[in-house]
Amino acid sequence: MAFTIKVNDQMHRVDVDDDTPLLWVLRDVLGMTGTKFGCGLALCGACTVHLDGVATRSCVTPIDSIGASEIVTIGATAVGAKIQKAWLDREVVQCGYCQSGQIMSAAELLATNPNPTDADIDDAMSGNICRCGTYARIREAIKQAAAS
Amino acid sequence: MTIDQQASRASGRGEPPSANTLSRRSFLRVGAAAGGGLMLSLSLPFATGEAEAATDDVFAPNAFVRIGSDGNIILTMPYVEMGQGTYTAIPMLIAEELEVDLKQIELQHAPPDEKLYANPLLGVQATGNSNAIRGAWEPLRQAGATARIMLVAAAAKRWKVDPAACRAERGEVVHAAGRRISYGELAADAARMPVPPSVELKRPQDFKLIGTPAKRLDTPAKVNGTALYGIDARPPGVKIATLAQSPVFGGRVKSVDDAAAKAVNGVRQIVRLDDAIAVVADHMGAAKKGLEALVIEWDDGLHAKLDTGAILGELEQATLNPGAVAQSIGDVDRAMADAVTKVEATYQVPFLAHATMEPMNCTVHLREDGCEIWVGNQALARAQAAAAETADLPLEKVVVHNHLIGGGFGRRLEADGVIRAVEIAKYVDGPVKVVWTREEDIQHDMYRPMFFDRISAGLDAKGTPVAWNNRFAGSSIIARWLPPAFNNGLDPDTTEGAIHLVYDLPNLHVEYVRVEPPGIPTAFWRSVGPSHNVFVTESFMDELAAAAKRDPVAYRLALLDKSPRAQAVLKLAADKAGWGQEIPERVGRGVSVQNAFATYMAQVAEVEVAEDGTVRVRRVVCAVDCGTVVNPDTIQAQIQSAVMFGITAALYGDITLKDGRVEQTNFDSYQILRMDEAPAVEVHIVQSSEAPGGMGEAGTSCIVPAVTNAIFAATGKRLRTLPVDPSTLQQPG
């Protein structure tokens, strides 16, 4: 079935079954590999994108639920230069595989809460697993981005 | 320009080369023509001692440094980046001597080539065992210095001056009279200079780069989604496959009804192997949907009733029999007989999964005349050899492109994922990317082995240990992975952390009984042998302190007079942690100290145990002496990382088998520590000019007993089994 979706301000037309998760449309059909696959059950957060500004696990979001919503992925330059700068300043990243999802979750947090407390950060970010354990530096980077 | 763009080039935004065009000269032309230094990875066909016969384009005095006449300085990385920071620390070693800024270089994944890229400590092209810097420390600085000396010689010859009057700085050679010339301009001439037979390296006091917290080179691409992992490879026309492997290890496919799977939109074909079924599709969504629609009957085979309880029983039984003697000091039987107090215990640790964030995957394009592979792998020459054997092709027809790795932890030292993908590719026209589901990844992992320990000690009247006796049973990974290193029933990994203890123990006897679990594959897992042995030895040392009614830190310090480096880190960690200061009820501090991976480390964990037994690690303080520090930021990051990895294992890590099947499936049943549970980790680095020690793993083995010792301090409950069971820690009453 044909769907037209808006990703990072560009329209794309795809032909897939209506229950196809957005994650695979992005990665395999559109070749946008910045969004990652980690678990397929919305347990790890690696697949996080924004749907109309809301952090969403694309691995469990069927393409037929998108409609006219705006999808923003890590590939969008508008995601958050401050966030990416803070991530680099703090040397957050190790293997980096989870970081697209971490940044997307952090971007939603900071867009809605410019001065998050530690508890706010816990709430917003605990859905994103980091196997390399970069949590402490993620927290510092979020605070730096908030303050900048 | 960074390594991810090179990988993308390899991923087929251009035409991938056929095996016939794999000549260095043609690649250089491709590279130069591209103008931006885009080059495909290719091993250069010479070893040290002979410079490249002059080509026109490139100066390549060894396997690690390539300088093009276009000015591009390309460093080939012999170890693969999986988060541990090797793609920054290794370039720092070369750049220090080569006299270039890190900003001036491009990085390239090394191709498979055991001759050129083997780790000198292992004899194998592998990234693991925390020995990249240890292995590279001398040779790669020499590689950089060699290149620099030849460049300076080329400039001096051109200017007809004494090389001693020239110096190298930031990618240029400069002469006292003010002349300067870039490495690029010198490249062709430098290629004709004689390779110096030996080079003098910088004194540590002259280091400009080594020892500084240089910014990582791989991270910019990792924060904007452009970094390419194996799972991101997309050669043109690639199909996506996923698979179901026999749920029981060693089982086979009995029958499959694939009608419904084939009917799924986007599914192209079903591939039936002996022990697995793959669904090949246009995208993973269709492949997974097809997988779910398959009706497979399995012949479970010999291991149908495999059960972790039974395996543990076997290990326990095995420790009743003598093993290979790993270390023996004095006369432990007599010392034990004479001891005033005897302490005895048994310990056990479970199978553990790697659970890398990037699930197992491998992309293969198999043609009659050759094979091209895209993967992230820690032992590339082996991956190539395994692929060649599976495809029945000669080695030189198998091209393997390495990638950034989304978590290794030892999982990617194995070639099983590559073999599986080649097996599937035999049935597929064009390239196929095989991606494992998370369930397959967890249930067909190769696990950190289960171990069972019997351990006892004798104390004298003062409570000082005078005898130490330890015998343990479990799998030897080395026996399978590196057979020459397994001798007379022993290998250096399975016993690391159980022998050559930091403590002064006058009578000691350690034995290892090798027992391979039926059917279950075992593999290296972050902190390997120490992940088991340090838990046992540091928990048991804590038991001895308790039996002697002494403070755990003071007790250990008294035994470390012959290990000043261990003593120093223990003192530092205890001091920084405020050891001995008041602490609330149900909160405890625990300590551990180790010498593993040639690094001395001590940790203090501060742990809170709630009334319902839930454990929360509040704070970790780590003191480390890893010899010469290449990048202090990497040291801190690796300790933070390894500690989180170890806490996850201590609190949650448990792979169990029932009726032959791994019971855990995804992150709901194989829990990983999250942001809201992560403690602050403070790292204190002892300054040292000793040779560098390994840093990628040490934190993991060290934290686990620190946590369980802290639980003892908080509750009086001694844990001899992992993972921590909160039901045993509930506040009574």
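Residues numbered from 1 in each chain as written. Chains lettered and ligands numbered in written order. Predicted model: local features only at pLDDT ≥ 70, side-chain atom pairs only at ≥ 80, totals over all residues. Heavy atoms only, no water.

Identification of chain B as Xanthine dehydrogenase family protein molybdopterin-binding subunit from Allomesorhizobium camelthorni is taken from an unreviewed UniProt entry.

As recorded in an unreviewed UniProt entry, chain A goes by the name (2Fe-2S)-binding protein, listed as coming from Allomesorhizobium camelthorni.

Participant: Sorry, what's going on with the domain arrangement of chain B here?
Facilitator: Quite often, the size of an interface is put as the accessible area lost when its parts meet. Residues and elements named next belong to chain B. Examined at the domain level, chain B breaks down into domain 1 (6-223), domain 2 (230-301 + 360-435) and domain 3 (308-351 + 447-729). Relative to domain 3, the C-alpha centre of domain 2 lies at a distance of 37 Å. Tallying the contact residues gives eleven residues for domain 2 and 17 residues for domain 3. Both sides of the domain 2 and domain 3 interface together cover about 1100 Å² of buried area, and 58% of this is carbon and sulfur. Between domain 2 and domain 3 we count two salt bridges in total. Two residues, Glu-414 and Arg-480, come together in a salt bridge whose shortest N-O distance is 2.8 Å. Across the domain 2-domain 3 interface, the total number found is five residue pairs in polar contact (both at pLDDT 80 or more). Of the residues contributing to the side of domain 2 that touches domain 3, the split by class is six nonpolar, one polar and four charged. (Domains from an automatic or database assignment. Contact = heavy atoms within 4.5 Å. Buried area = accessible area lost by both parts, 1.4 Å probe. Salt bridge = Lys/Arg side-chain N within 4 Å of Asp/Glu carboxyl O. Polar contact = N/O pair within 3.5 Å; in protein donor to acceptor, adjacent residues only side chain to side chain. Nonpolar A, V, L, I, M, F, W, Y, C, P; charged D, E, K, R; others polar.)

Participant: Whenever I open this one, the packing of aromatic side chains confuses me. Can you help?
Facilitator: One pass over the full model with this rule turns up twelve aromatic pairs over all chains. Look at B:Tyr347 and B:Phe535: their rings are 5.7 Å apart centre to centre, the planes differ by 80 degrees, and that puts the pair in the edge-to-face class. Taken as a pair, B:Tyr347 in strand β14 (residues 341-349) and B:Phe535 in helix α16 (residues 528-547) lie far apart in primary sequence, 188 residues in all. Judged by its relative accessible area of 0%, B:Phe535 is buried. Members of the aromatic cluster, each reached through a chain of ring pairs, are B:Phe409, B:Trp525 and B:Phe645. Sitting above the plane of the B:Phe409 ring, A:Arg131 keeps its charged end 5.9 Å from the centroid. (Phe/Tyr/Trp six-rings, centres within 6.5 Å; stacked < 30°, edge-to-face > 60°. Helix = DSSP H or I, 4+ residues; strand = E, 2+ residues; numbered from the N terminus. Buried < 20%, exposed > 50% of the residue type's maximum accessible area, 1.4 Å probe, protein only. Lys NZ or Arg CZ within 6 Å of the ring centre and 35° of its normal.)

Participant: Explain the pattern of salt bridges to me, please; I cannot follow it from the model alone.
Facilitator: Pairing between side chains of opposite charge can happen when the charged atoms of each approach one another. Residue and element names in this part refer to chain B. One pass over the full model with this rule turns up 53 salt bridges over all chains. The partner of Lys-262 in a salt bridge is Asp-258, with the nearest N and O atoms 3.6 Å apart. With a shortest N-O distance of 2.7 Å, Asp-282 and Arg-268 are connected by a salt bridge. Residue Asp-282 is located in the loop between β11 (276-281) and α9 (284-293), and its partner Arg-268 is located in strand β10 (residues 267-272); the two are separated by 14 residues in the primary sequence. Connected through salt bridges with shared partners, the residues Arg-589, Glu-606, Glu-608, Arg-618, Arg-619 and Glu-682 form a single ionic network.

Participant: Quick question: what am I supposed to make of the pairing of strand β6 (residues 172-175) of chain B here?
Facilitator: Along any regular strand the residues' side chains alternate between the sheet's two faces. Residues and elements named next belong to chain B. Sheet topology places strand β5 (residues 166-169) next to β6; four bridges connect them, and they run antiparallel. Bridge pairing in β6 places Cys-166 opposite His-175. When β6 meets strand β7 (residues 180-182), the two strands line up antiparallel, connected through three bridges. Within β7, the position partnered with Val-174 by the bridge is Arg-180. (Pairing = 2+ DSSP bridges.)

Participant: Whenever I open this one, helix α20 (residues 698-715) of chain B confuses me. Can you help?
Facilitator: Given 3.6 residues per helical turn, the α-helix brings residues three or four places apart onto the same face. All names here are of chain B. Over its 18 residues, α20 runs 27 Å from end to end, which matches the ideal 26 Å to within 8%, given 1.5 Å per residue. The buried count for α20 comes to 15 of 18 residues, which makes it a mostly enclosed element. Gly-716 lies just past α20 and shows a positive phi near 80 degrees. (Expected span 1.5 Å × (residues − 1).)

Participant: Explain the environment of B:Phe597 here, please?
Facilitator: All names here are of chain B. With respect to the helices and strands, Phe-597 occurs in the loop between β22 (587-596) and β23 (599-609). For the pair Phe-597 and Gly-489, spaced 108 residues apart in the sequence, the C-alpha separation amounts to 22 Å. Among residues more than four places away in sequence, those in contact with Phe-597 are Asn-129, Ser-130, Arg-134, Glu-496, Ser-527, Val-528, Pro-530, Gly-693, Gly-694, Glu-697, Ala-698 and Ser-701.

Participant: Help me understand the UniProt feature "domain: Aldehyde oxidase/xanthine dehydrogenase a/b hammerhead" (unreviewed entry) in chain B, please; the structure alone is not making it clear to me.
Facilitator: As recorded in UniProt, the feature "domain: Aldehyde oxidase/xanthine dehydrogenase a/b hammerhead" (unreviewed entry) lies at residues 224-302 of chain B. Taken end to end, residues 224-302 of chain B is 18% helix and 38% strand, and its first and last C-alpha atoms sit 48 Å apart. (UniProt positions renumbered as here; feature names shortened; annotations may be inferred.)

Participant: I'm lost on the packing of helix α12 (residues 380-391) of chain B against helix α13 (residues 416-425) of chain B in this one. Help?
Facilitator: Axis angle and axis distance: for two packed helices, these are the angle between their axes and the distance between the axes, and together they describe the pair. All names here are of chain B. Between α12 and α13, the shortest axis-to-axis distance is 9 Å and the interhelical angle comes to 30 degrees. With respect to their mutual orientation, α12 and α13 come out roughly parallel. Relative to α13, the crossing made by α12 is right-handed. In contact with Ala-383, Ala-386, Ala-387, Thr-390 and Ala-391 of α12, α13 contributes Val-418, Ile-419, Val-422 and Glu-423. When the residues that make up the contact of α12 with α13 are grouped by side-chain class, the tally is seven nonpolar, one polar and one charged. (Axes fitted to C-alpha atoms, helices over the stretch in contact; angles between N-to-C directions. Parallel < 35°, antiparallel > 145°, perpendicular 65-115°, else oblique. Left-handed = near helix turned anticlockwise from the far one by under 90°.)

Participant: How should the confidence of the model for chain B be read in this particular structure?
Facilitator: Reading fine detail from the predicted coordinates is not recommended where pLDDT is low. Residue and element names in this part refer to chain B. For chain B, the average pLDDT comes to 92, and 92% of its residues sit at 70 or higher. Note that residues 1-54 has pLDDT below 50 and, in this model, 111 contacts with residues that lie over four places away or in other chains. Among the prediction metrics, the complex's ipTM stands at 0.98, with pTM recorded as 0.93. (pLDDT = per-residue confidence, 0-100.)

Participant: Which parts of the structure should I look at to understand the domain arrangement of chain A?
Facilitator: Residues and elements named next belong to chain A. Along its sequence, chain A is carved into domain 1 (2-72) and domain 2 (81-147). Measuring from the centre of the C-alpha atoms in domain 1 to the corresponding centre in domain 2 gives 21 Å. Contacts between domain 1 and domain 2 engage 15 residues on the former and ten residues on the latter. Across the interface of domain 1 and domain 2, roughly 1000 Å² is buried in total on both sides, 51% from carbon and sulfur atoms. Of all residues in domain 1, Lys-36, Cys-44 and His-50 bury the most surface against domain 2, accounting for 34% of the area lost on that side. The tally of links between domain 1 and domain 2 comes to zero salt bridges. Between the two partners, domain 1 and domain 2, sit seven residue pairs in polar contact (both at pLDDT 80 or more). For the side of domain 1 that touches domain 2, the secondary-structure elements that each account for two or more residues are β3 (48-51) and β4 (54-57). A breakdown of the residues in the side of domain 1 that touches domain 2 according to their chemical character gives eight nonpolar, five polar and two charged.

Participant: When you look at the sheet that holds β7(B) in this model, what are you seeing that I'm missing?
Facilitator: By definition, the strands of a sheet pair up through backbone hydrogen bonds, in either a parallel or an antiparallel sense. Residues and elements named next belong to chain B. Pairing within the open sheet is antiparallel, and its three strands lie in the order β5-β6-β7. Looking at which strands have only one partner, the edges of the open sheet turn out to be β5 and β7. The mean inter-strand angle of the sheet, taken between neighbouring strand axes irrespective of direction, is 20 degrees. Lying on the sheet, helix α5 (residues 132-159) is in contact with β5, β6 and β7; it crosses β6 at an angle near 45 degrees. With respect to the sheet, helix α6 (residues 183-190) is in contact with β5, β6 and β7, its orientation differing from that of β7 by roughly 75 degrees.

Participant: Any chance you could explain the interface of chain A and chain B here in plain terms?
Facilitator: Facing 51 residues of chain A, the contacting portion of chain B comprises 60 residues. Between chain A and chain B, a total of about 4600 Å² is buried, with carbon and sulfur atoms accounting for 56% of that surface. It is A:Gln94, A:Arg131 and A:Tyr135 that lose the most area in chain A upon contact with chain B, and together they represent 18% of the buried surface on that side. Counting across the interface, chain A meets chain B through five salt bridges. Across the salt bridge formed by A:Lys36 and B:Asp232, the nearest N and O atoms sit 2.6 Å from each other. For the pair chain A and chain B, the number of links is 34 residue pairs in polar contact (both at pLDDT 80 or more). Counting residues per element, the ones that place at least two in the side of chain A that touches chain B are α1 (22-29), α2 (81-89), α3 (99-112), α4 (118-125) and α5 (135-147) of chain A. Looking at side-chain class alone, the side of chain A that touches chain B contains 24 nonpolar, 16 polar and eleven charged residues.

Participant: What should I look at first to understand the sheet that holds β14(B) in this one?
Facilitator: All names here are of chain B. Reading across the sheet, the five strands line up as β13-β21-β20-β19-β14 and stay open at both edges, with mixed pairing between neighbours. If you trace the sheet from one side to the other, it starts and ends with β13 (324-329) and β14, each paired once. Across this sheet, the average inter-strand angle for adjacent strands is 10 degrees, counted without regard to direction. The pairing of strand β19 (residues 451-459) with strand β20 (residues 465-474) spans nine bridges and is antiparallel.

Participant: Looking at this structure, I do not really get unusual backbone geometry. What am I missing?
Facilitator: Leaving glycine aside, a negative phi is the common case for residues, and trans is the common case for peptide bonds. Following B:Leu722, the chain continues into B:Pro723 via a peptide bond in cis, with omega recorded as -5 degrees. Examined against the element boundaries, B:Pro723 turns out to sit in the segment after α20. For A:Ala42, which is not a glycine, the phi torsion comes out positive at approximately 55 degrees. Among the structural elements, A:Ala42 can be located in the loop between α1 and β3. Despite not being glycine, A:Asp52 has its phi angle at roughly 50 degrees, a positive value. Looking at where A:Asp52 falls in the secondary structure, it is placed in the loop between β3 and β4. The exposure class assigned to A:Asp52 is partly exposed, which follows from its relative accessible area of 49%.

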